[in-house]
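Here are the chains, one letter per residue:
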Amino acid sequence: MIEPMSIPNRARSLALLIAAPVLAQPMFAQGWFDAPLVNTPQVRAALQSVDERATSIVDEWIRLVEIPAPSGKEQARAKYIRAEMEKLGLSEIRTDDMFNVSGVRKGTGGGPVVVLAAHMDTVFPAGTDVKVKRQGDLLRAPGIGDDTSNLMAELEMFRALNRAGIQTKGDLIFLASVQEELGLLGAKHWLESSGYKPDMFVALDVSSREVWYGALRITQFKFFYTSPGAHTMESRGGPSPAKAVAKAITSMYEIPLPPIATGLDSFKLPVINVGMLGGGTVVNAVPREAWFTVDLRSLDSPTQDRLESAVVSTARRIAEQEGVGFRMERKMSADYSKARPQQERLNHPLVQTALAVSNYFRKPGTPAIVPQDVGSTDANNAVAMGIPAVAIGATTERMPHRLEEEDDASSIVPGIQSLIVLAVALTTH
Ligand SMILES: [Zn+2]
């Protein structure tokens, strides 16, 4: 991007101010955030400029929520974001074949390439009333939080960096992704096809009280049992796919699971869930085919692998016991063979920096934020590819994916300020 005059000098002095205390710290796991960073003149100017614009930011946030963007139909929002990226003066602005929009805020060189991703799509179908209802500070609308709050926060973060003339060392990539809600599809496509090789990936897609550094392993199965079929009158003692399904489902729930992982709020992982079942066409015959599905989720590959083989061998064993035919379909969320071990992900300076910054800006009097080894955001794609990744958020959104979704207007200002500090800390160390 084009910077105002004298930026190189100011940038260098900022870099020195930031670099000195960080380099003095031998503990790398502490991350790259140091409180004095917040008081450097340029960062302070950027933070102040957000305070001054609080009202306009909330107004624009509301306007953005009211641009419908069901998954796969993000075009109108994509157009809006692209136009804003152009005003920001980002380089390499692209809209890809899925309508992911990305742009680069170039650094001075020699720093890491950091992607900040917020998704444009919502889970709400076309025709949903997305008008924002406002009562004072309380904003209510489908999609107000997930993920429009973070999209708005990211946009304003880039504007604030420009306003304060902050020049980072590394490149910051603004990614507005699509089809996140359909299985993280847009960001996956972008990571695989854009040609960028980011050093770090930050998904802005949870609340400001959360820091997620994991990725869920998800495997979905559909098991089919078959038989030649028979009239009820001729069926006694013969093989029955329906009976096999019943036995198999019971057995799935008898597979021993490791203890529930702690610190995940309402999530109880690992888990095996039978979500769908069916088969047969008439009441008075043995079905030729009956089937059921299994949704298996856990937090690490060894556990997932072990449970996957238990699920499959259970399904097969029942087929043999019951004398019915067997086939299966298997769908995996991603190949996690490149994912880094838990301790390495947790101790990465990216995660530690995000944690320190989120805690620095958290609402006074609220409990300290603890990192969670979980994930179901665009960051999963990066984790699977072995790219250091974290998911954070800018506002105190509540009840995502529900029509009653709500958020606090006042939470976005500290949220944006925290993003500014994070972006600078990550790209200027
Ligand atoms: Zn989301």
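Remember, predicted model here, so these are calculated numbers, not experimental data. (Residues numbered from 1 in each chain as written. Predicted model: local features only at pLDDT ≥ 70, side-chain atom pairs only at ≥ 80, totals over all residues. Heavy atoms only, no water.)

(A) Layout of the domain arrangement of the chain. Here the domain parsing of the chain yields domain 1 (7–214 + 338–427) and domain 2 (217–332). A combined buried area of about 550 Å² lies between domain 1 and domain 2, and 53% of that area is made up of carbon and sulfur atoms. Of all residues in domain 1, Gln372, Asp373 and Val374 bury the most surface against domain 2, accounting for 60% of the area lost on that side. If you look at where domain 1 meets domain 2, you find 0 salt bridges. The tally of links between domain 1 and domain 2 comes to 0 residue pairs in polar contact (both at pLDDT 80 or more). Looking at side-chain class alone, the side of domain 1 that touches domain 2 contains 3 nonpolar, 1 polar and 2 charged residues. (Domains from an automatic or database assignment. Buried area = accessible area lost by both parts, 1.4 Å probe. Salt bridge = Lys/Arg side-chain N within 4 Å of Asp/Glu carboxyl O. Polar contact = N/O pair within 3.5 Å; in protein donor to acceptor, adjacent residues only side chain to side chain. Nonpolar A, V, L, I, M, F, W, Y, C, P; charged D, E, K, R; others polar.)

(B) Summary view of the packing of aromatic side chains. All chains considered together, the criterion is met by 10 aromatic pairs. With a centroid separation of 5.4 Å and 70 degrees between ring planes, the pair formed by phenylalanine 33 and tyrosine 360 is classed as edge-to-face. Separated by 327 residues along the polypeptide, phenylalanine 33 in the loop between helix 1 (7–23) and helix 2 (41–52) and tyrosine 360 in helix 10 (residues 349–360) bring together distant segments of the chain. Between tyrosine 225 and phenylalanine 326, the ring centres sit 5.9 Å apart and the planes meet at 40 degrees, which makes this aromatic pair tilted. Separated by 101 residues along the polypeptide, tyrosine 225 in strand 9 (residues 217–226) and phenylalanine 326 in strand 15 (residues 325–332) bring together distant segments of the chain. Using a relative accessible area of 0% as the deciding quantity, one classes tyrosine 225 as buried. (Phe/Tyr/Trp six-rings, centres within 6.5 Å; stacked < 30°, edge-to-face > 60°. Helix = DSSP H or I, 4+ residues; strand = E, 2+ residues; numbered from the N terminus. Buried < 20%, exposed > 50% of the residue type's maximum accessible area, 1.4 Å probe, protein only.)

(C) Quick peek at the coordination of the zinc ion. For the zinc ion, every protein donor is listed as His119 (NE2), Asp146 (OD), Asp205 (OD) and Asp205 (OD), and the spread of their distances is 1.9 to 2.8 Å. Coordination at the zinc ion is irregular, judged from the 4 donor atoms that bind it and the angles of 51 to 148 degrees they form at the metal. Positions of the donor residues of the zinc ion along the chain correspond to the pattern H-x26-D-x58-D. Of this pair, histidine 119 sits in strand 3 (residues 114–119) while aspartate 146 sits in the loop between strand 5 (138–140) and helix 5 (148–163), and the two are 27 residues apart along the sequence. (Donors = N, O, S within 2.8 Å, 3.2 Å for Na, K, Ca; no water. Tetrahedral: all angles 85-135°; square planar, octahedral: opposite > 155°, others 65-115°.)

(D) Representation of the pattern of salt bridges within the structure. On inspection of all chains with the given rule, the structure shows 23 salt bridges. We note a salt bridge from glutamate 92 to lysine 106, for which the minimum N-O separation is 3.3 Å. On the criterion of sequence distance, the pair formed by glutamate 92 in strand 1 (residues 91–95) and lysine 106 in the loop between strand 2 (101–105) and strand 3 is long-range, its members being 14 residues apart. Given a relative accessible area of 34%, glutamate 92 falls into the partly exposed group. Among the residues examined, lysine 106 registers a relative accessible area of 33% and is labelled partly exposed.

(E) View of the packing of helix 2 against helix 12 (residues 412–427). Put simply, helix 2 and helix 12 touch, their axes get as near as 9 Å, and they point 155 degrees apart. By the angle between their axes, helix 2 is roughly antiparallel relative to helix 12. Once helix 2 is placed against helix 12, the crossing between them reads as right-handed. Of the residues in helix 12, those in contact with Val43, Ala46, Leu47, Val50 and Asp51 of helix 2 are Val413, Ile416, Gln417, Ile420, Val421 and Val424. Residues of the contact of helix 2 with helix 12, tallied by class, amount to 9 nonpolar, 1 polar and 1 charged. (Axes fitted to C-alpha atoms, helices over the stretch in contact; angles between N-to-C directions. Parallel < 35°, antiparallel > 145°, perpendicular 65-115°, else oblique. Left-handed = near helix turned anticlockwise from the far one by under 90°. Contact = heavy atoms within 4.5 Å.)

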